[in-house]
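# Summary of the model geometry
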Amino acid sequence: MEVFAQTIVSGLLLGAVLGLIAVGLTLIFGVVDIVNFAHGEFLMVGMYIAFFAWRLWGVDPLFSIPLAALGVGILGVISYLTFVRHAMRGTLLSQIFVTFGLLIFLRGLAQALFSSNFRGVQGSILGDVGLSVGGVSVPGPQLAAAVGSLIATSAIGWFVWRTRMGKALMATSQDREAAAMLGINPHRMFALAWFIGGIATGVAAALIVSYQPVHPNSGIAYGLPAFMIVALGGFGSIGGALAAAFLVGLIENIAGFYLPTEYKELWIFVLFLIVVIARPQGLLGRR
Amino acid sequence: MLRVSDLSVDYSGAVALSEASLEVNDGEVVGVIGNNGAGKTTLLKAISGTVARRGEIEMDNKVISGLPAHEIPAHGIGHVPEGRRLFPYLSVEDNLALGAYSQTQAHSDDFERVYALFPRLKERRRQQAGTLSGGEQQMAAIARALMLRPKLLMLDEPSLGLAPVIVDQIYNTIAQLGKSGFTILLAEQNVAECLEVSSRAYVLQTGSIIRSGPSQELQKSDAIRQAFLGI
Amino acid sequence: MAGASEVAGDERTVERGRPWRRQELWPWAAFMVVFGLMPVLYSAPYQHNIAVLICLTALMATGWNLLGGFTGQISLGHALFFGVGAYTVTVGELRIGLNPWLGMLLGAAIAVAVSMIVGLPVFRLRGHYFSIATIAVGEIAFLIFLNWQFVGAAGGLSIPIKEDSLLELQFSGQHKWEYYYLAAGLLLLALVATQLILKSRTGYYLAAIREDQEAAASVGIPVARYKQIALSFSAATVAIAGAFFAQYVLFVDPVSVLELAISIQITIAAVLGGVKSMWGPVIGAAVLLSLTETARLYLGGTGEALNLVAYGLLVMLIAAFEPNGLIGLAQRFRRPRNTRGQR
Ligand SMILES: Nc1ncnc2c1ncn2[C@@H]1O[C@H](COP(=O)(O)OP(=O)(O)O)[C@@H](O)[C@H]1O
Ligand SMILES: [Mg+2]
């Protein structure tokens, strides 16, 4: 029973972080109609930013959240302005490969600049903190990451559903042309989507870097599930992405415990295929 | 107010609008009639900049034909597109609020004004726009464009797909708007209704304006009656 | 949009069944010359490696391109078929002493069978969904092989070294040009097969499907069947490349044949060279590997990373500005004025 509770807790902790990453991804897709295959690499960039803030200036990752967020947000905008903008007008192939190119580019850059070594933050503020409730242990960094992710996700939700600019963003994702007819500049909205998608990822990066080592390929572990989550939740659906993220977090932990551990990631892909084939618009998708 | 000269549009080679010229004066309700595929939608979209176009469009003596779509509303043109095109997952109220996006600030009395015109919308303001009935959606689409305080309101087939009773309601509203001094450009396949509310009209056929004149005259014309009214 | 597919269809109809034109013949001649001269170009010891890898990369990209480029179904899980080929040869040799050539054929056959199982579900999806579903399929295969003891799990399997022989498809020595000629021969076969498909009615159907599936279905093209045909051909070709690769390096493990990175690599050569032409993948592979090897040679480990940077940039540039790849770029220089409109 305790063990089961432990897997549930771990699943929820993971789900919260995946949720933030996936919300960024789904927001970009919803507005811009492009899957950012480099999303995991955005995360990796954010992790490097937070890592070096700690390494060079001794700033705890918790305090470099704004820096990582801004850094990855700007990376998103630059990606949009330089290449994505042009590929949007192209074929599906262009739309897919522009961000694949970005993925390769960012990984190569990280490898060239920082080598393939694993680097980790040591002695972060939350390092030794942890809760233990009735036999269920909750490590501090993971808890902080989950709570921080939920706060950030809520902030994004507040922005897109409650502010004028956010509503304009949602309007653009639902009907680009009708939005333009009201004076909403689509290009500005596209850049904004990349900015917010980047911010979400940057926040997540700074949160997880206290317990996850960073290396040029460190984005895959989160990026790959994020694609599945976004498709599971229905491309462009923020609520769907969040729900699917918790589902994936739970399944990975529960399956990892009750079924052979080495296959724990397998079930996510299997679940994804089953759901998407039975319901191509995703769990909560409406397209 | 609006002057369009030699406006042309083609879709990857196929001509959809060919050198159309028209004019809309202050306070007029002007109709554009034509069969399905005649180019009515294309004409309105060319004016609002949502398709690539050639030719010149002037609004209050300013040339706007070079502007991208999102800069057109600031010149006072509100476009109610074919098929309503509400933001289906936003509330009615949010849809209306976005109508005022090009205004520097949303005026709270604008809400009251459009709610007075369409009381139904006030009841439904918290509902997702996609869950409204067809007639309600058409009202919301018109209301959204009105929030922009347009000098010129362009309506694209507001009666499309609606039950006759609802069509009457919508047309009553349009007539009412016209009487209260709004300038309206109305594209319709529903020729009878359109000629009823408009003072002048243009006839579009396969992308060209083939005729124009006072609506009353067009109503009487045998050619028009045969072509559009089935008489 | 019926219009679009009719236009595409007309183009194809004109091409179909016509005798060969001169413009169509010279690429074959160029191919023969360049690939014939490759051993002279890369004559130093161990340089045969680049030449072999160019052929294998071109082979898998050619296979991928029939589905991705000509049918418009962008698969990002083709490592699955590469892996099936590689593992079939290896396991066959190790467990039942299967001849590698037969193993290669068996690998292609299994890949076709697997493609039918995979095709059934994934072809119900379109666009981005299809691509992401193929990633999922590839990852499932990767994770299964990573933990499957029978096929060596994460540690992989080695093919025992034998006497040099064509029958056993093993050659030692410093130059190993035998591998090159065989790989080039396989590539030539794949190109001939591709050309025949493209010139047949099947090629015309595939183009119609790429332009617009609904329109293709509405004029009576059995869309599902033809997508499966393209996938099967594609799977078999990539599996043959995989089988040859395993036999060439005499080792197979999940990371080197089944990872997502392999799936990406399979596609990149085609995208780089240009997916609208059957020569795109060949040109892409040649450019890609020459660059890679040069970078490795002069810059070592950093070179590998910088090489990634360069080719990431190249892929972005192509996607954003020249969707027809290097071939499109070349055509742009030949016809500087109106290429944009002709895209
Ligand atoms: N997006 C498009 N692509 C290609 N052709 C189009 C497109 N939209 C409209 N057309 C064509 O342009 C012509 C005019 O269409 P439209 O302006 O919608 O006419 P109407 O609104 O009068 O029914 C028609 O022949 C139609 O088929
Ligand atoms: Mg129309």
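Structure report, in brief.

With 23 residues of chain B in contact, the opposing surface of chain A contributes 19 residues. Counting the surface lost from both chain B and chain A, the interface buries some 2100 Å², and carbon and sulfur atoms represent 62% of this. The largest per-residue losses of area from chain B upon contact with chain A belong to H70, Y89 and Y101 of chain B, which jointly make up 35% of the total buried on that side. The partner of R85 of chain B in a salt bridge is E177 of chain A, with the nearest N and O atoms 3.0 Å apart. Ranked by the residues each element gives to the side of chain B that touches chain A, the list is headed by helix α2 (residues 92–99) of chain B, at three residues. Residues belonging to the side of chain B that touches chain A are distributed by class as follows: eleven nonpolar, eight polar and four charged.

F97, L169 and F272 of chain A together with F35 and F244 of chain C are the most contacted members of the largest nonpolar core, which has 220 residues in total. Beyond its immediate sequence surroundings of up to four residues, F244 of chain C is in contact with V52, L56, M104, L169, Y179, L182, A183 and L186 of chain C. Core analysis: the second largest hydrophobic core is formed by 42 residues, I142, V167, I174 and F182 of chain B among them.

For the rest of this paragraph, the subject is the coordination of the magnesium ion (ligand 2). Residues and elements named next belong to chain B. Ligation of the magnesium ion (ligand 2) by protein atoms is provided by T41 (OG1) and E82 (OE), these donors lying 1.9 to 2.1 Å from the ion. A residue pair is termed long-range when its members are at least 10 positions apart, and T41 in helix α1 (residues 40–47) and E82 in the loop between β6 (77–80) and α2 qualify at 41 residues. Note on T41: relative accessible area 22%, which makes it partly exposed.

Now for the packing of helix α4 (residues 79–96) of chain C against helix α10 (residues 223–249) of chain C. Residues and elements named next belong to chain C. Packing of α4 against α10 brings their axes to within 6 Å, and their N-to-C directions diverge by 50 degrees. On the basis of the axis angle, α4 is oblique to α10. Seen from above, α4 lies across α10 with right-handed handedness. Across from F81, F82, G85, A86, V89, T90 and E93 in α4, the residues of α10 making contact are L231, A235, V238, A239, A241, G242, A243, F245, A246 and Q247. The residue inventory of the contact of α4 with α10, partitioned by class, reads twelve nonpolar, four polar and one charged.

Take a nonpolar patch on the surface next. Residues and elements named next belong to chain C. A surface patch of nonpolar side chains, amounting to about 570 Å² of accessible area, comprises M32, V33, V34, L37, V40 and L41. Within the element layout of this structure, V33 appears in helix α2 (residues 22–41). A residue is classified by how much of its surface remains accessible, and V33, at 48% relative accessible area, is partly exposed.

Counting across every chain of the model gives 30 aromatic pairs over all chains. Centroid distance F4 of chain A to Y258 of chain A: 6.4 Å. Interplanar angle 55 degrees. Geometry classified as tilted. You can see F4 of chain A sitting in helix α1 (residues 2–32) and its partner Y258 of chain A sitting in helix α10 (residues 238–258), a full 254 residues away along the chain. For the ring pair Y180 of chain C and Y181 of chain C, a centre distance of 5.3 Å and an interplane angle of 65 degrees mean the geometry is edge-to-face. Y180 of chain C gets classed as buried once you look at its relative accessible area, which sits at 0%. Among the aromatic residues, ring-to-ring pairing joins F37, F97, F100 and F227 of chain A together with W64 of chain C into one connected group. Here R144 of chain B stacks its cationic end above the ring of F87 of chain B, 4.8 Å away from the centre of that ring. If you follow R95 of chain C out to its NZ or CZ, it ends over the ring of F150 of chain C, 4.5 Å from the centre.

Each partner contributes residues to the interface: chain C has 41 residues there, and chain A has 44 residues. Around 4000 Å² of area is buried between chain C and chain A when both sides are counted, 83% of it from carbon and sulfur atoms. Between chain C and chain A we count two residue pairs in polar contact (both at pLDDT 80 or more) in total. Elements that contribute at least two residues to the side of chain C that touches chain A include exactly α6 (127–147), α12 (260–273) and α13 (280–321) of chain C. At 14 residues, α6 of chain C tops the list of elements feeding residues into the side of chain C that touches chain A. Grouping the amino acids of the side of chain C that touches chain A by side-chain chemistry returns 33 nonpolar, six polar and two charged.

Bringing the environment of S149 of chain A into the picture now. Residue and element names in this part refer to chain A. For S149, the location among the structural elements is in helix α5 (residues 140–162). Relative accessible area serves as the criterion here: at 0%, S149 is assigned to the buried category. Residues in contact with S149, not counting those within four places in the same chain, are A16, V17, L20 and L207. There is a polar contact of 2.7 Å between the side chain of S149 and the backbone oxygen of A145.

Let's shift gears to the packing of helix α2 (residues 39–57) of chain A against helix α8 (residues 186–208) of chain A. Packed helices, taken two at a time, are described by their axes: the angle between them and the distance between them. All names here are of chain A. Relative to each other, α2 and α8 sit at 55 degrees, their axes nearing to 8 Å. Compared by their axis directions, α2 and α8 come out oblique. Handedness of the α2/α8 crossing: right-handed. The residues of α8 that touch α2, namely those facing H39, F42, L43, G46, M47 and A50, are W194, G197, T201, A204, A205, A206 and I208. When grouped by side-chain class, the residues that make up the contact of α2 with α8 number nine nonpolar, four polar and no charged.

Burial of α2 of chain B is extensive: six of the eight residues sit out of reach of the surface. Of all the positions in α2 of chain B, only V92, D94, N95, L96, L98 and G99 of chain B are classed as buried. In this structure, the buried side of α2 of chain B is in contact with α6 (164–174) of chain A together with α3 (108–117), α4 (119–123) and α5 (134–146) of chain B.

Conventions used here
Residues numbered from 1 in each chain as written. Chains lettered and ligands numbered in written order. Predicted model: local features only at pLDDT ≥ 70, side-chain atom pairs only at ≥ 80, totals over all residues. Heavy atoms only, no water. Contact = heavy atoms within 4.5 Å. Buried area = accessible area lost by both parts, 1.4 Å probe. Salt bridge = Lys/Arg side-chain N within 4 Å of Asp/Glu carboxyl O. Helix = DSSP H or I, 4+ residues; strand = E, 2+ residues; numbered from the N terminus. Nonpolar A, V, L, I, M, F, W, Y, C, P; charged D, E, K, R; others polar. Core = buried A, V, L, I, M, F, W, Y, C linked by side-chain atoms within 4.5 Å. Buried < 20%, exposed > 50% of the residue type's maximum accessible area, 1.4 Å probe, protein only. Donors = N, O, S within 2.8 Å, 3.2 Å for Na, K, Ca; no water. Axes fitted to C-alpha atoms, helices over the stretch in contact; angles between N-to-C directions. Parallel < 35°, antiparallel > 145°, perpendicular 65-115°, else oblique. Left-handed = near helix turned anticlockwise from the far one by under 90°. Patch = residues over 30% accessible without salt bridge, like charges linked within 9 Å, V, L, I, M, F, W, Y side chains within 5 Å. Areas by Shrake-Rupley, 256 points an atom, 1.4 Å probe, with all protein chains shown as cover. Phe/Tyr/Trp six-rings, centres within 6.5 Å; stacked < 30°, edge-to-face > 60°. Lys NZ or Arg CZ within 6 Å of the ring centre and 35° of its normal. Polar contact = N/O pair within 3.5 Å; in protein donor to acceptor, adjacent residues only side chain to side chain.

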